[in-house]
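Notes for the structure review
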Amino acid sequence: MLELRLIGVHDDGENLVLESADGTRFLLPIDANLRTSITKARRIQPARGLGAKGTYGPRDIQTRFRQGASVEEIAEESGWEPERVRRYEWPIVAERAHIIRAAQSVKIGRRSSASGTAQIPVTLSARIEEVSERYGFEDATQDWTTRQQENGQWRVEVDIALKDSVRQNLPAQVVFPARWVYNPANQGLYASNEAAYFLMGNSEDAVAAAAKKAPVEVPPTRLPKAPEPAPAPLTSSESADERKLKELLERARSVRPAQVEEPEVFVHRESAEPVAPAAPAAPVASGVSGVSAPVEPAAPAAP
């Protein structure tokens, strides 16, 4: 990519003058697109916690991990050593894996029980299992990832490796990965593309109209008051964050911590048996004849 630097405004007042490293100059029209891009660039907030000098702190490192940045990217941005950056990775990897499990356990609908007399809530993971069995890709590998957006909500994605024979049977609008927006504050799950609507069990007509409609939030009445523990994920649907977390935990177990010898505490004791109070001493004659000065008994020795 050619790097240009700004020289100034052209004499006509309608173009910017840019210059390359070899001295070649270019004209950039000052149009509506340029003004809009500059306005959007001003609205982008810097990483949370950055100081005035642009220095990175632990909170900034964790924020970048939540946004999906790698150790190498954060090390290049912050100037930290990769080993120092990696210390803050595994808690965020665990947090992202928890977000994926929480999104999979959100109740998105109901189905009739075996007896047909009751309605059973259906979670996202259960609905995806139903759809995969219906279209014949229940054995396909599911790769789940997530990252936090600037507004605090999480974008959850799943990419499914499909065979060509299976892909031909899917609606034409379904293109993986499927994307949702998950809000931990109210346990809300929002479909962001046609593939997400498809995995949630919508009909082909609903999938075709998904791009024209705004995402529909799951009704709050169907949501649990507290997040229920998600069912144990299948091996094929294990998320990348869960695999990363296991790798970090195995790495931590392989490093044997140094044993620290505890210092011995020595307690000085006069005797193991309790010391009896000393007998009162013999009276000592004082300067006045016939009067003896009383002597207090000695205090028992402290253990």
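For the protein chain, the helix and strand inventory stands at 10 helices and 11 strands. Each of the 303 residues in the protein chain was classed as buried or not, and the buried ones make up 31%. By sequence separation, contacts in the protein chain at least 24 residues apart represent 40% of the contacts at least 6 residues apart.

The strand order across the open sheet built from three strands is 1-2-3, with neighbouring strands paired in antiparallel fashion. If you trace the sheet from one side to the other, it starts and ends with strand 1 (4–9) and strand 3 (25–29), each paired once. Taking the axes of each pair of neighbouring strands and ignoring which way they run, one obtains an average angle of 35° across the sheet. Where strand 1 lies against strand 2 (residues 15–20), five bridges are found, and the strand directions are antiparallel. In the sheet register, Gly8 faces strand 2, and the bridge partner there is Val17.

A full pass over the atoms with the stated rule returns eight salt bridges. In this structure, the salt-bridge partner of Arg86 is Glu83, at a minimum N-O distance of 2.9 Å. Note that Arg86 and Glu83 are positioned in helix 4 (residues 82–86) at a spacing of three residues, about one turn of the helix. The exposure class of Arg86 is partly exposed, given its relative accessible area of 22%. Taken together, the shared-partner salt bridges connect Arg111, Arg127 and Glu130 into one network.

The first and last C-alpha atoms of helix 5 (residues 89–104) sit 23 Å apart over 16 residues, in line with the 22 Å expected at 1.5 Å per residue. For helix 5, every residue scored as buried is listed here: Glu89, Ile92, Val93, Arg96, Ala97, Ile99, Ile100, Ala102, Ala103 and Gln104.

To continue, consider the nonpolar core. Most often, soluble globular proteins keep nonpolar side chains buried together rather than apart. Formed by 32 residues in total, the largest nonpolar core has its most connected members in Phe137, Phe176, Trp180 and Leu199. Contributions of two or more residues to this core are made by helix 5, helix 6 (124–135), strand 7 (154–160), strand 8 (178–183), strand 9 (188–191) and helix 8 (194–199). Top contributing element to this core by residue count: helix 8, with five residues. Excluding residues that lie within four positions of it along the chain, Phe176 makes contacts with Val158, Asp159, Ile160, Leu162, Leu170, Ala195 and Leu199.

Scoring rules and cut-offs
- Residues numbered from 1 in each chain as written.
- Predicted model: local features only at pLDDT ≥ 70, side-chain atom pairs only at ≥ 80, totals over all residues.
- Heavy atoms only, no water.
- Helix = DSSP H or I, 4+ residues; strand = E, 2+ residues; numbered from the N terminus.
- Buried < 20%, exposed > 50% of the residue type's maximum accessible area, 1.4 Å probe, protein only.
- Contact = heavy atoms within 4.5 Å.
- Pairing = 2+ DSSP bridges.
- Axes fitted to C-alpha atoms, helices over the stretch in contact; angles between N-to-C directions.
- Salt bridge = Lys/Arg side-chain N within 4 Å of Asp/Glu carboxyl O.
- Expected span 1.5 Å × (residues − 1).
- Core = buried A, V, L, I, M, F, W, Y, C linked by side-chain atoms within 4.5 Å.

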